[in-house]
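Notes for the structure review
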Amino acid sequence: MRFLGRDPKAPADLVAALDLPRGEKVLAIAVDDNTGSTLAACTTELAIVDPEGKVTSRRPWSDVDTGQWNPDIWTLSITWVDRGRGSQYTFKEVETRLPEVFHERVQASVVLATALPTTGAGQSGRVVIRKDLRTGELFEQVVLGRRTSLSDPAVAQAVARASANLRDQVGLPPA
């Protein structure tokens, strides 16, 4: 895998299938070894195009909770904020900057974040101020671990405090 330089130019049929709005660009592409689908890291979103040229998924970068690149097995693993099923893509011997662009775009969507102080075993969570990279609008996300629930009064109180603090720091009105 090549880590320096530019990705090959996105094929015209891929760009046409994406039907990108003005100003949107394809920054990096890679074809998944397992499905033959193409991942297109665009300025404001991650898009998946199947081998027939149909866009099967397009999600803004702010939908990504975490991503991890494993160079030993050439695999990008993605978890989503909505707790939907995670995704894995493998790019063996592919010349692409997709892992680096993926990281940069996700980070560009994160403005501020703070971990929640949790007390229960296995509890986790955080409050994040994200930026919609298409509009520039700031918004709040609450990302809770599987064993953490807003129905727990302590969690709800921690979320409210963290939310108020972060919103104040970025100039958003109270929730």
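Our structure's up above, just so we're on the same page.
Read on for a plain summary of the structure.

The rules behind each value
Residues numbered from 1 in each chain as written. Predicted model: local features only at pLDDT ≥ 70, side-chain atom pairs only at ≥ 80, totals over all residues. Heavy atoms only, no water. Core = buried A, V, L, I, M, F, W, Y, C linked by side-chain atoms within 4.5 Å. Buried < 20%, exposed > 50% of the residue type's maximum accessible area, 1.4 Å probe, protein only. Helix = DSSP H or I, 4+ residues; strand = E, 2+ residues; numbered from the N terminus. Pairing = 2+ DSSP bridges. Axes fitted to C-alpha atoms, helices over the stretch in contact; angles between N-to-C directions. Contact = heavy atoms within 4.5 Å. Expected span 1.5 Å × (residues − 1). Arc of directions from axis to C-beta.

Turning next to the nonpolar core. Core analysis: the largest hydrophobic core is formed by 18 residues, its most contacted members being Ile78, Phe91, Leu98 and Phe102. Of all the secondary structure elements, the ones that give two or more residues to this core are strand E1 (26–31), strand E2 (38–42), strand E3 (45–49), strand E6 (75–80) and helix H2 (98–109). Ranked by residues supplied to this core, first place goes to H2 with 4 residues.

Let's shift gears to the sheet that holds strand E8 (residues 110–115). Pairing is antiparallel in the open sheet, where 3 strands are placed in the order E8-E9-E10. Two strands in the sheet have a free side with no partner beyond their single neighbour: E8 and strand E10 (138–144). Going from strand to strand, the sheet's axes swing by 15° on average, the running direction of each strand aside. The sheet contact formed by E8 and strand E9 (residues 125–131) spans 5 bridges and is antiparallel. The residue bridging alanine 115 from the neighbouring strand is arginine 126, located in E9. Sitting on the sheet, helix H3 (residues 153–170) is in contact with E8, E9 and E10, with an inclination near 30° to E9.

Pairing is antiparallel in the open sheet, where 4 strands are placed in the order E1-E2-E3-E4. If you trace the sheet from one side to the other, it starts and ends with E1 and strand E4 (55–60), each paired once. Adjacent strand axes in the sheet meet at a mean angle of 15° when their direction is disregarded. Note that E2 and E3 share 4 bridges and pair antiparallel. Bridging from a neighbouring strand, threonine 38 pairs with valine 49 of E3. H2 rests against E1, E2 and E3 of the sheet, and its axis sits at about 135° to E1.

Moving on, we come to unusual backbone geometry. Phi at aspartate 19 is positive, roughly 45°, even though this residue is not glycine. By the secondary structure assignment, aspartate 19 is in the loop between helix H1 (12–18) and E1. Looking at aspartate 19, the relative accessible area reads 63%, which means it is exposed. Residues other than glycine seldom take positive phi values, yet tryptophan 74 does so here, at roughly 55°.

As a further point, take H2. Count 3.6 residues to each turn of an α-helix, and residues three or four apart come out pointing the same way. For H2, with 12 residues, the first-to-last C-alpha span of 16 Å sits near the 16 Å given by 1.5 Å per residue. Among all positions in H2, only Leu98, Pro99, Val101, Phe102, Arg105, Val106 and Ser109 are buried. Angular distribution of buried residues about the axis of H2 spans 165°; they occupy a single face of the element.

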